[in-house]
Amino acid sequence: SGIQDHYTADQPGVQRMVMKLQELVLRIDVPLCEHLRGVDIEFMQFAFKWMNCLLLREFTLDCVMRLWDTYLSEELGFEHFHVYVCAAFLCQFSSELQEMEFDELFQFMQNMPTEHWGDTEVEVLLSQAYVLSTLFGGSDAHLANTSKVPLR
């Protein structure tokens, strides 16, 4: 599906993407997921905005245009590749996030430090997302909850 069901009652498309993000991050960064769970941060609390606004609030307009240009070029479209971009984005800050407690972490997630990002940082993010999509995109197993951290 496209992004049409992101903007209907109950926003099932956005919720689906948040769940896919959580399941993907469980596969690639278990310590981060364990830390988020330990400080009672749920993916829905920060990632809903990322999915609903397609990272428009996290980046400058130039960076968003670069991201969206890539999304439009992807065969599977916005919904598919955006999840991998969000996973790469979150994991890029993993070590910092694991040092934070709830209040600081929640504030950080609401105001990600990207105001000085430019083409170089976005290109790195897109490259990391592409690698993730290549590794996990064709495998249904990447969405199986095989870690010891239960989904919430």
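Residues numbered from 1 in each chain as written. Predicted model: local features only at pLDDT ≥ 70, side-chain atom pairs only at ≥ 80, totals over all residues. Heavy atoms only, no water.

Caption draft 1: View of the overall build of the chain. Counting secondary structure elements, the chain contains 8 helices and 0 strands. Ordering the α and β elements of the chain from the N terminus gives α-α-α-α-α-α-α-α. When contacts within the chain are restricted to residue pairs at least 6 apart in sequence, long-range pairs at least 24 apart make up 76% of them. For the chain, the exposed area adds up to about 7900 Å²; of that, 52% sits on carbon and sulfur atoms. (Helix = DSSP H or I, 4+ residues; strand = E, 2+ residues; numbered from the N terminus. Contact = heavy atoms within 4.5 Å. Areas by Shrake-Rupley, 256 points an atom, 1.4 Å probe, with all protein chains shown as cover.)

Caption draft 2: Focus on the confidence of the model for the chain. On average, residues of the chain score 88 in pLDDT, and 84% of them reach the 70 mark or higher. The secondary structure element of the chain with the lowest average pLDDT is helix α5 (residues 77-92), at 92, and the one with the highest is helix α6 (residues 94-97), at 98. (pLDDT = per-residue confidence, 0-100.)

Caption draft 3: The side chain of S133, seen in detail. With respect to the element layout, S133 can be found in helix α8 (residues 119-136). The class of S133 is buried, set by a relative accessible area of 12%. Leave out the neighbours within four places in its chain, and S133 touches H80, F81, Y84 and G138. (Buried < 20%, exposed > 50% of the residue type's maximum accessible area, 1.4 Å probe, protein only.)

Caption draft 4: View of the nonpolar core. Of all hydrophobic cores here, the largest spans 48 residues; its most connected members are L21 and W50. Elements represented by at least two residues in this core include exactly α1 (12-28), α2 (30-38), α3 (43-52), α4 (61-73), α5, α7 (102-110) and α8. Residue contributions to this core peak at 10 residues, all from α5. Not counting chain neighbours up to four residues away, the residues in contact with W50 comprise L21, L55, E58, H82, C86, F89, L90, M109 and M112. (Core = buried A, V, L, I, M, F, W, Y, C linked by side-chain atoms within 4.5 Å.)

Caption draft 5: Structural context of α3. The complete set of buried residues in α3 reads F43, F46, A47, K49, W50 and M51. Next to the buried residues of α3 lie α1, α2, α5 and α7. One or two positions beyond α3, positive phi appears at L54, with a value near 50 degrees.

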